[in-house]
Amino acid sequence: MQRLNELIADNAGSLEQVQELLRDELRGQAIQRLSSASKSGSLVRFRGMVQDNGFSPQIYMTELNLIHSETGEKKSVSCHYSDKVALLNEPNSKWTIDEAANDFMFGKYGQKTPFCCVSVPGETSWAITAQSQGEDLLIERFAAMHVQGSNAKNVHIQRKTVRPEETLVIIKVYGSEPRDLQLCSINDFVGILELPEAPEEDTVEDSEIDPMSTAHMIQDEMEPFNSLPILHVVYYDSVSPLLHPLQHLEVDAKVVRGITIDYLLPFVMGDVLAAEYLLVHMVSKIRSRHDVVHTGNLPLNLHNIPTSVVSKAIINAIESLLPRVRSIPMTIEYLNKKRIAPGVFVSREAWKEIHTRPASVGGGPANAATERELAVHGLLSGELQVPDRTYVVIDEAGMDSGILKEQGVMNVRHLNDVITFAELPFAVGSGCDSPDHSSGKLVVDLSVLVLSQAKCMFDIQCVVPVQQAADYVVASVEESPQYTTVDNLNAMRAYLGAISRNEDYNISEEMNEALTSFFLTERKKTSQNGQPLYTQEAFMLRMEIARAWTLLSGEKTLSMEAWNKSGEMEAERLRRRELITAAKQSADGVVGR
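Residues numbered from 1 in each chain as written. Predicted model: local features only at pLDDT ≥ 70, side-chain atom pairs only at ≥ 80, totals over all residues. Heavy atoms only, no water.

**Here's the deal with the pattern of salt bridges**
Line of reasoning, step 1. Evaluation of the coordinates by the stated rule reveals 23 salt bridges.
Line of reasoning, step 2. In this structure, the salt-bridge partner of D98 is K74, at a minimum N-O distance of 3.7 Å. Placement of the pair is D98 in the loop between β5 (95-97) and β6 (109-119) and K74 in strand β4 (residues 74-78), with a sequence separation of 24 residues.
Line of reasoning, step 3. The network of salt bridges with shared partners includes D271, E572, R575 and R576. (Salt bridge = Lys/Arg side-chain N within 4 Å of Asp/Glu carboxyl O. Helix = DSSP H or I, 4+ residues; strand = E, 2+ residues; numbered from the N terminus.)

Take a look at the structure:
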């Protein structure tokens, strides 16, 4: 902090220059990760996702003149990179603000913009360990803050996270309002840590509060988050969602492709085709958008998954390989109680229920504490408010029977928006958790896998019926032969990360002519045979599979071998679909007779 104040003084208070100078000084140095050892006033690093960027900028005096009440000594102190003046906050401090020496009307003022950031949602345990490199983790430091003390009753903090392992930090960026800290973006922040003081116990009963008074209402939008740690940012760097914790490892693609398929095979009930499609899906990503066409968007449905035990084994296998995974269990309780999309998506049924409860049980306008809780401060979190390139697994295998309420219907609709349009709705209210809100869309790049017993409830083109091998038993990650070799696991992880980052892919002119000829031939063949026309969607799906298989093989140019492989995969997938359709029609006919 002392070095920071020296740079500010040497550069006439120009924070932009100070930030660049400090960035250069610290380049290459190991900055302590925010951890249990971190103390207020220390320089720390925190990697987090922007959960809410809608708070108003704060104005503060850049310098404050103080006077000692006993000695008359005067001091001018910097107010940068702190919400508190250290001398004024000392126990039994004799320092006070020198009213005569401060020009509160025309003095120098600065601006800082608060953001709510959360430890990167969906990060798998191995990815956290790989990034920490043995350091004490942020989660160990602050996770308890969300379940203990005042935060256990603080609904505003609870609304900012969806999982207990996620940790909130208030980030404050100094200078002009940054435009690059977008919702769901990942950033590395370096700044001065300010830990919250122990909160005072609130002993005021609801009955003691005058319901006609506004004194009990929250006046400052940041007040509900006073118990969270604050990081006063000196500088920050954007982190690509494709950044991989093991990207320094080099692997032989052709060798590791076989190892990865063998690893996945027991989890998908011994079905080679399902393992190959799952592998292709794990490296798929959206590469371009044109109106409603999202090139690379490849939702996948594996069905014939018999039980939730099997689906959870598949999820565990995926989590052991990918750095970020979010699973969505499609149970009635989950859908009716959770929020899939961020914002004030609250059903009218829930809103009415809140406001018709008697004051004696925490409802109605007469209850002042409840009135505080009803106010929404900032953007509420959602299950799918995650960074791009997070792998999302929708688990229908454990779906149970029951009534899907309005909130559940809303959540299913939001899941469908992500699958079909690669967009995540978000909504911002006007001061209360009401259905009356303004909404928008977040463009997202999420790989969505649906595991189901029958064909899933969503309109997905790539549906793979899984065929169980005769010798299949439910697999476990820990019991997998590859799992016992750490080098193999890390090789598979690095391999999948490298393929996902790879943009070096092309199609030769000769191959392009062959593809065009194939499409026209298929259209003509299906027309002559009186079959449904071979569609552009079917052709693009096969193109995506061929592209992924080319990269998975360590190649850069589409070959006839990869194209034929995609044809074999699609032919077998469609054959299975036709068998299922024929069997269903036959069963329906028997019932009809």
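**Thoughts on the pairing of strand β3 (residues 63-68)**
Line of reasoning, step 1. The alternating pattern of β3 places L64, L66 and H68 on a buried face and E63, N65 and I67 on a face that is not buried.
Line of reasoning, step 2. As judged from the 5 bridges shared by β3 and β4, these two strands associate in the antiparallel manner. The residue bridging N65 from the neighbouring strand is S76, located in β4.
Line of reasoning, step 3. Taken together, β3 and the strand that follows it, β4, pair antiparallel across an intervening segment of 5 residues, in which G72 is found at a positive phi of about 80 degrees.
Line of reasoning, step 4. Across 3 bridges, β3 lies against β5 in antiparallel orientation. In the strand pairing of β5, I67 is matched with T96. (Buried < 20%, exposed > 50% of the residue type's maximum accessible area, 1.4 Å probe, protein only. Pairing = 2+ DSSP bridges.)

**A few points about the packing of helix α14 (residues 509-528) against helix α15 (residues 536-552)**
The description of two packed helices rests on the angle between their axes and on the distance between the axes.
Line of reasoning, step 1. For the pair α14 and α15, interaxial distance at closest approach is 11 Å and the crossing angle is 145 degrees. Seen along the crossing, α14 lies across α15 with a hand that is right-handed. From α14, L515, F518 and F519 reach across to α15, where they touch Q536, F539, R542 and M543.
Line of reasoning, step 2. Taken together, the residues that form the contact of α14 with α15 break down as 5 nonpolar, 1 polar and 1 charged. (Axes fitted to C-alpha atoms, helices over the stretch in contact; angles between N-to-C directions. Left-handed = near helix turned anticlockwise from the far one by under 90°. Contact = heavy atoms within 4.5 Å. Nonpolar A, V, L, I, M, F, W, Y, C, P; charged D, E, K, R; others polar.)

**Some points on the sheet that holds strand β18 (residues 462-465)**
Line of reasoning, step 1. Within the open sheet, the 5 strands sit side by side as β13-β14-β17-β12-β18. Their pairing is parallel. Looking at strand neighbours, the two that pair on one side only are β13 (325-329) and β18, the edges of this open sheet. Going across the sheet, the axis of each strand differs from the next one's by a mean of 20 degrees, ignoring polarity.
Line of reasoning, step 2. Along the sheet, helix α8 (residues 308-319) contacts β13, β14 (391-395) and β17 (447-452); its crossing angle with β14, the most-contacted strand, is approximately 175 degrees.

**Let's talk about helix α6 (residues 253-264)**
Line of reasoning, step 1. With 12 residues, α6 should reach 16 Å at 1.5 Å per residue; the first-to-last C-alpha distance of 16 Å fits that figure.
Line of reasoning, step 2. Inspection of α6 places A253, V256, T260, I261, Y263 and L264 among the buried residues, and these make up the whole buried set. All buried residues of α6 lie within an arc of 155 degrees about the axis, which places them on one face of the element.
Line of reasoning, step 3. Looking at the buried side of α6, the elements it contacts are α7 (272-282), α8, α13 (486-501) and α15.
Line of reasoning, step 4. Looking at where α6 begins, the residue whose side-chain oxygen comes 3.2 Å from the main-chain nitrogen of K254 is D252. (Expected span 1.5 Å × (residues − 1). Arc of directions from axis to C-beta. Polar contact = N/O pair within 3.5 Å; in protein donor to acceptor, adjacent residues only side chain to side chain.)

**A short note on the pairing of strand β7 (residues 168-174)**
Line of reasoning, step 1. Most of β7 is tucked away: 7 of the 7 residues are buried.
Line of reasoning, step 2. Residues L168, I170, K172 and Y174 of β7 are buried on one face, and the alternating residues V169, I171 and V173, pointing to the opposite face, are buried as well.
Line of reasoning, step 3. Pairing of β6 with β7 involves 7 bridges; the strand directions are antiparallel. The partner of K112 across the bridge, within β7, is Y174.
Line of reasoning, step 4. In this structure, β7 lies alongside strand β9 (residues 230-239), joined through 4 bridges in parallel fashion. Bridging across to β9, I170 finds its partner in I230.

By themselves, these figures tell us nothing about what the structure is for.
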